[in-house]
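What the coordinates show
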Amino acid sequence: TYKLHHSLQTYQYVQQMKEKHLKFNKGKLTIWEIIEKLNTLVDDSDPDVDFPQIYHAIQTAEELRKEWPDLDWMHLVGLIHDIGKLLSLPEYGEDPQYAVVGDTFPVGCQFCSKIVCSEYLKLNPDCDDPKYNTIYGVYKPNCGLENVEMTWGHDEYLYQVCVHNNCTIPKEGLNMIRFHSFYPWHREGEYYHLMSKEDHETLAWVQRFNRADLYSKTDKLPDIEALKPYYQQLIDKYFPNPTIEF
């Protein structure tokens with residue numbers, strides 16, 4: 001997956017995927033319908049999860065609920081953070097996994113050595129393009145991560161779906177969704193030269209989220225039906241419509 005991901009995810013490819021997927025014309029589903037559809041998906045990039053996706057969603061949400069009991073929007077972020085992976089399902093485009101899952105990083109500027117499986121990045125045509133292969137590339141210093149194009153995947157897609165559907169999760173939560181797979185940044189400390197002042201606060205929130213995302217993967221599976229009512233009232237609170245366009 002990573003060899004394909006690193007060689008094919010160019011700056012132009014990201015623009016093509018945005019054009020393809022940000023029309024929000026695939027249909028309407030409830031959050032639970034999406035989560036249940038994802039139970040058939042096995043994420044090749046995540047060796048820690050070998051049970052249905054709904055359990056990881058609830059485990060992450062419950063870990064955040066335990067650590068941040070007063071921030072209910074964080075619990076909802078935990079529940080939904082991976083539902084953008086529906087792009088891999090046959091009825092919604094069956095995109096290959098290199099276009100949906102895996103670590104994310106900026107395109108349009110020089111790749112860094114801390115990216116997982118970085119040896120494959122030399123296969124990416126942008127490495128040889130002087131427009132894209134300098135430290136800033138197409139960006140300005142400290143331009144802010146919201147202005148940086150990331151490799152395409154479920155993170156950016158779900159962020160855009162939430163915005164399109166007028167989701168009222170605070171910006172901190174939406175950024176957790178958008179950047180939770182950006183490991184070269186939030187774990188390895190790279191790309192600070194592109195950060196705005198506000199991004200330092202974003203970084204702290206994303207790191208809080210990722211502790212729960214990574215360390216909630218246990219064999220003790222939650223009672224989904226018992227927990228559903230709590231999470232349904234959060235969905236009702238933060239999504240103005242019962243079904244979302246995606």
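Structural data are supplied above this passage.
Described below are features of the structure shown in this document. For every chain, the first residue of the written sequence is number 1, and numbering continues from 1 along that sequence. In keeping with the model being predicted, local features are shown solely for residues with a pLDDT of at least 70 and side-chain atom pairs are shown and tallied solely at 80 or more, while totals for entire chains, interfaces and linings include all residues. The side-chain values count all of the structure's non-hydrogen atoms but skip hydrogen atoms and water molecules.

Starting at the N terminus, helices and strands are each numbered in turn, a helix being any DSSP run of H or I of at least four residues and a strand any DSSP run of E of at least two. Here His-154 lies in helix H6 (residues 154-164). You can call His-154 buried: its relative accessible area is 3%. For the exposure calls, accessible area comes from a 1.4 Å probe over protein chains only, and a residue counts as buried if that area is under 20% of its type's maximum, exposed if over 50%, partly exposed in between.

This part takes up the packing of aromatic side chains. For this analysis, a ring pair means two rings from Phe, Tyr or Trp (six-membered ring only for Trp) whose centres lie within 6.5 Å, classed as stacked if their planes differ by under 30 degrees, edge-to-face if by over 60, and tilted for the remaining angles. If you walk through the whole model with that rule in mind, you get twelve aromatic pairs. These aromatic residues form a ring-pair network of at least three members: Phe-179, Phe-182, Trp-185 and Tyr-191. Consider the ring centre and the ring normal. A charge sits over the ring if Lys NZ or Arg CZ is within 6 Å of that centre and within 35 degrees of that normal. Taking NZ or CZ as reference, Arg-208 lies 4.5 Å from the ring centre of Trp-205, over its face.

This paragraph deals with the state of the cysteines. Pairs of cysteine sulfur atoms within 2.5 Å are what we label disulfides. According to the stated counting rule, one finds zero disulfides in the structure shown. Unpaired in this structure, Cys-109 has its nearest cysteine sulfur neighbour in Cys-143, at a distance of 8.5 Å. The thiol of Cys-117 is unpaired, and the distance to the nearest cysteine sulfur, on Cys-112, comes to 13 Å. Judged by its relative accessible area of 26%, Cys-117 falls in the partly exposed class.

What follows is about the nonpolar core. In this text, buried Ala, Val, Leu, Ile, Met, Phe, Trp, Tyr and Cys residues form a nonpolar core when linked through side-chain atoms within 4.5 Å. In this structure, Ile-31, Leu-76, Leu-79, Ile-80, Ile-169, Tyr-231 and Phe-239 are the most contacted members of the largest nonpolar core, which totals 76 residues. When contributions to this core are tallied by element, the ones reaching two or more residues are helix H2 (11-21), helix H3 (31-37), helix H4 (53-67), helix H5 (72-80), H6, helix H7 (171-179), helix H9 (197-215) and helix H10 (224-238). Residues are treated as being in contact if the distance between any of their heavy atoms lies within 4.5 Å. If sequence neighbours within four positions are ignored, Leu-76 has contacts with Ile-169, Leu-234, Ile-235, Tyr-238 and Phe-239.

When a carboxyl oxygen of Asp or Glu lies within 4 Å of a side-chain nitrogen of Lys or Arg, that pair is called a salt bridge. Throughout the structure, instances matching the rule amount to 16 salt bridges. Here Arg-65 ties to Glu-62 by a salt bridge, and the two come within 3.0 Å at their closest N and O atoms. Here the residue Arg-65 and the residue Glu-62 both occupy positions in helix H4, the gap between them amounting to three residues, near one helical turn. Note on Arg-65: relative accessible area 27%, which makes it partly exposed.

Our next topic: unusual backbone geometry. Phi is positive for Asn-142, which is not a glycine, with a value near 55 degrees. As for its placement among the helices and strands, Asn-142 is situated in the loop between H5 and H6. For Asn-142, a relative accessible area of 48% puts it in the partly exposed group. The backbone of Asn-166 sits at a positive phi, close to 55 degrees, despite the residue not being glycine. Relative to the helices and strands, Asn-166 is located in the loop between H6 and H7. Overall, Asn-166 belongs to the exposed group, its relative accessible area being 54%.

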